[in-house]
Structures are given as C-alpha cells and as structure tokens.
Amino acid sequence: MGARQQGAEFTQDRWLTLPRTLSFVTNGDDVLLIKRAAHKRVFPNQYNGLGGHIERHEDPFSSALREIHEESGLQTRSLMLRSIHNIDAGAETGIILFVFTAISDSRAIREDCSEGKLEWIARDRIPDLDLVEDLPTLLPKILDMGAHDPPIYAHVSYDSSDSIVLRFRAGVHDFNMRLGSA
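Residues numbered from 1 in each chain as written. Predicted model: local features only at pLDDT ≥ 70, side-chain atom pairs only at ≥ 80, totals over all residues. Heavy atoms only, no water.

So, on to the overall build of the chain. In terms of helices and strands, the chain carries two helices and ten strands. Listing each helix as α and each strand as β along the chain from the N terminus yields β-β-β-β-α-β-β-β-α-β-β-β. Relative to the compact-globule value of 16 Å for 182 residues, the chain shows a C-alpha radius of gyration of 17 Å, a close match. Across the chain, contacts joining residues at least 24 apart in sequence account for 62% of those joining residues at least 6 apart. With the model as given, the accessible surface of the chain reaches about 10700 Å², and the carbon-plus-sulfur share is 50%. (Helix = DSSP H or I, 4+ residues; strand = E, 2+ residues; numbered from the N terminus. Rg over C-alpha atoms; globule rule 2.2 N^0.38 Å. Contact = heavy atoms within 4.5 Å. Areas by Shrake-Rupley, 256 points an atom, 1.4 Å probe, with all protein chains shown as cover.)

So, about the layout of surface pockets. Estimated volume of the largest pocket: approximately 960 Å³. Surrounding the largest pocket, 39 residues form its lining, R20, V42, F43, N48 and I95 being those nearest its centre. Counting only elements with at least two residues in the lining of the largest pocket, the list comes to β1 (16-27), β2 (30-36), β4 (50-53), α1 (60-72), β6 (93-103), α2 (135-143) and β8 (152-158). For the lining of the largest pocket, the residue count by class is 18 nonpolar, nine polar and twelve charged. Of the voids in this model, the second largest pocket is the one considered here, and its volume is about 190 Å³. If you go around the second largest pocket, you meet 15 residues; those closest to its centre are T26, T101, A102, I103 and L143. (1 Å grid on protein atoms, 1.4 Å probe; cavity = no way out; pocket = protein on both sides within 12 Å on 5 of 7 lines; lining within 4 Å. Points joined across faces, edges and corners; volume = space filled by probe spheres on them. Nonpolar A, V, L, I, M, F, W, Y, C, P; charged D, E, K, R; others polar.)

We now examine the packing of aromatic side chains. Throughout the structure, instances matching the rule amount to one aromatic pair. Taken together, a centroid distance of 6.4 Å and an interplanar angle of 80 degrees make the contact between F61 and F100 edge-to-face. Here the residue F61 occupies a position in helix α1, and F100 occupies one in strand β6, the gap between them amounting to 39 residues. (Phe/Tyr/Trp six-rings, centres within 6.5 Å; stacked < 30°, edge-to-face > 60°.)

Counting residues in hydrophobic clusters, the biggest one holds 26 residues, and the most contacted among them are F24, L33, I126 and L131. Of all the secondary-structure elements, those providing two or more residues to this core are β1, β2, β6, α2, β8 and β9 (164-170). Top element by residues in this core is α2. It accounts for five residues. Counting residues in hydrophobic clusters, the runner-up holds 16 residues, among them I34, F100, C113 and W120. (Core = buried A, V, L, I, M, F, W, Y, C linked by side-chain atoms within 4.5 Å. Buried < 20%, exposed > 50% of the residue type's maximum accessible area, 1.4 Å probe, protein only.)

To continue, consider the pattern of salt bridges. Enumeration according to the criterion identifies nine salt bridges in this entry. Measuring nitrogen to oxygen at the nearest pair gives 3.0 Å for the salt bridge that ties R110 to D112. Accessibility expressed as a relative area gives 55% for D112, which makes it exposed. (Salt bridge = Lys/Arg side-chain N within 4 Å of Asp/Glu carboxyl O.)

In a regular helix each residue adds 1.5 Å, so 13 residues correspond to 18 Å; α1 covers 18 Å between its end C-alpha atoms and thus fits that length. Of the positions making up α1, those classed as buried are S63, A64, R66, E67, I68, E71 and S72. The elements touched by buried residues of α1 are β1, β2, β4, β5 (77-87), β6 and β7 (116-122). Two or three places before F61, at the opening of α1, D59 has a side-chain oxygen 3.0 Å from that residue's backbone nitrogen. In the stretch just after α1, G73 is the one whose phi turns positive, near 80 degrees. (Expected span 1.5 Å × (residues − 1). Polar contact = N/O pair within 3.5 Å; in protein donor to acceptor, adjacent residues only side chain to side chain.)

Quick look at the structure:
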C-alpha cells in the first residue's frame, strides 16, 4: 500500500488531534514531577509529568523517551504505555495523549529545565500538590498498574460550566466522573 492509500488527506468533517506524550518517572516510591513555570501557557504553576508533542518522525514510545531525557537528563528503563486519552477541549482539533511510566535508577536531574522546576515527590505527598486537574484521579491508577495490565482508554471533555468530564475504559470496566468547576 502506498502513502496515498492511507487517506491522510481526507480531513473534511473528521476529528483531528495533535499527538502528545506524558510520562511519570519513578525512583523507589518517589515520582518525578515538574511544577510548570509561571509563564507557560499550558498548566502554569501546576504539577504534571514530563512530556510534549510527538514529532513527525517519531512514534509515541520514542517521543516519550526523548521528552524524558530533554526535560530531566535521565536515562530510564521499563517505559510502559499506561493510558491513551482523546482530549476534546472544545477547539477544532483535539489532543491524543499517550501516557507512560518509566523507572530511573538515578535521581540526578537537570537544574535548568525551561519547562519548570523538576522535583522528586514522595507518592504520599502527591495529593497535597496543585496538580493538573485530572491527575488526582489518573495518577494513582497509573502508578498502581502492574507490568501486564492493559492500557486505560480515556475520553476527556468539558461540560457547559467548564468542569472536566473523564470517561475511562480499563479492560471491560467503564467509569465516568465529573470534577469540580474550573
């Protein structure tokens, strides 16, 4: 099959998404999070994992490894796909987010990350942080997954009061939740 047979040019009336990765690196019971810089347009001053856009020449796995290394300087192992999110924030295009976990044997991280301040956070301290709005629900599920658990599939949207609506499918189990107003 040639490239033209893929149908990539047929975009009229189709949902288009921007591909991104998000990774949570662990070392023992600690998780590496980034407190996003105050000047950042997306999630300023909030804690999140490491990640960014998938480049044209990359697959999601390679992108996750690159983003982890670019932002933290870490070499990791056991990179595992944990969740795939289709995010509809009400714009013409959405986001497809591939969420990974990885393990680092080192805690030596960059001090000069342009995205924000990197911090190793004890897992029991995570609920006390100003996290990106879906992480209090998502992160415990992701961190508790076993090596052979299938990925979680999620749809993220916002209701008329701008509250996030999360719909998850994990195996044969569906669960929905609506978080508080923005």
